[in-house]
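# Structural overview
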Amino acid sequence: MDRFYYFAVLVFLFCVYEVTQGQDEDLCKEVICPRGRMCMSRMDNGEKFTTCDCPTSCPAESSGPVCSFYHREFTSRCEMHKFACAHDLTMKVKNQGNCPSQNKNVCSDVQLLQFPSRYLEWIMIARQSSIDPSFQLDFDTRADSLTEGERQEILSWEFEYIDQNKNDVLDTAEMQEVFDDVLDFEPCLYGFLKSCDLNGREGIERREWDSCFPKAGTALENRK
């Protein structure tokens, strides 16, 4: 009888733990943490809430290396977020374990750090060219000169251009068209767009799209 009682207690505690873990994951499921931050479940005065934090250190023990969509390998998921946060990047795990030895979409460190700002500048120029056919390219044009309102207008223009079926989501087929057009000379694009899908649903929603790009006034410092 005693053995059965203790066994039942252990099973109950295990179930409570599993439910609690599931609840913590559910709390973060709809949370979009921008540019490298990790969603953390916390409790204060009996109330659970979430925060988006930049890890400053990572535990020595981990579940092993991870490979990001940028084909950059990290010793753990935490280390990936730590790196991404330090450089204000959005980054997502492609697979648990080592990165494949051969991949044509390898994005160098310099390309990686500059890409979000460079992509924003490219969109800015493309939009201006569509508005004014006589537009002359200015190589001094920089995204850090944009106001937040201008930044949002430019990103909305590009989102709507890619979103051919107008369902407010950049789905797999639409992103593939972008890859086909640009990927050969912009290897960072693959990792960038794949990492933007933060909530795990197929495709990139508007709020995910916005969160992937540097905020107004920060583009220049992100190049460093």
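Residues numbered from 1 in each chain as written. Predicted model: local features only at pLDDT ≥ 70, side-chain atom pairs only at ≥ 80, totals over all residues. Heavy atoms only, no water.

Going by the annotation in an unreviewed UniProt entry, the name recorded for the protein is Kazal-like domain-containing protein, with Desmophyllum pertusum given as the source organism. Quoted verbatim from the Subcellular location (unreviewed entry) heading of the UniProt record, the comment on the protein is "Secreted". (UniProt positions renumbered as here; feature names shortened; annotations may be inferred.)

In space, the three strands of this open sheet follow the order β4-β3-β5, with antiparallel pairing throughout. Edge strands, defined here as strands with exactly one partner in the open sheet, are β4 (73-74) and β5 (93-96). Pairing analysis gives two bridges linking strand β3 (residues 66-68) to β4, with the strands arranged antiparallel. By the bridge assignment for β4, Cys67 is matched with Glu73. (Pairing = 2+ DSSP bridges. Helix = DSSP H or I, 4+ residues; strand = E, 2+ residues; numbered from the N terminus.)

In the structure shown here, the tally under the stated rule is 14 salt bridges. For Glu186, the salt bridge is made with Arg118, and the minimal N-O distance between the two is 2.8 Å. You can see Glu186 sitting in the loop between α5 (172-182) and α6 (188-196) and its partner Arg118 sitting in helix α3 (residues 109-131), a full 68 residues away along the chain. Assessed through its relative accessible area of 16%, Glu186 is described here as buried. Via salt bridges that share partners, Glu148, Arg151, Asp210 and Lys215 belong to a single interconnected network. (Salt bridge = Lys/Arg side-chain N within 4 Å of Asp/Glu carboxyl O. Buried < 20%, exposed > 50% of the residue type's maximum accessible area, 1.4 Å probe, protein only.)

Moving on to the state of the cysteines. Counted under the stated rule, the structure contains five disulfides. Paired by a disulfide, Cys58 and Cys78 hold their sulfur atoms 2.1 Å apart. The sign of the S-S torsion, about -85°, decides the handedness of the disulfide formed by Cys58 and Cys78: left-handed. Taken as a pair, Cys58 in the loop between β2 (47-53) and β3 and Cys78 in helix α2 (residues 77-86) lie far apart in primary sequence, 20 residues in all. Judged by its relative accessible area of 18%, Cys58 falls in the buried class. Disulfide pairing places Cys67 opposite Cys99 at an S-S distance of 2.1 Å. Given an S-S torsion of about 105°, the disulfide between Cys67 and Cys99 has right-handed geometry. Placement of the pair is Cys67 in strand β3 and Cys99 in the loop between β5 and α3, with a sequence separation of 32 residues. In terms of burial, Cys67 and Cys99 fall into one category: buried. (Disulfide = S-S within 2.5 Å.)

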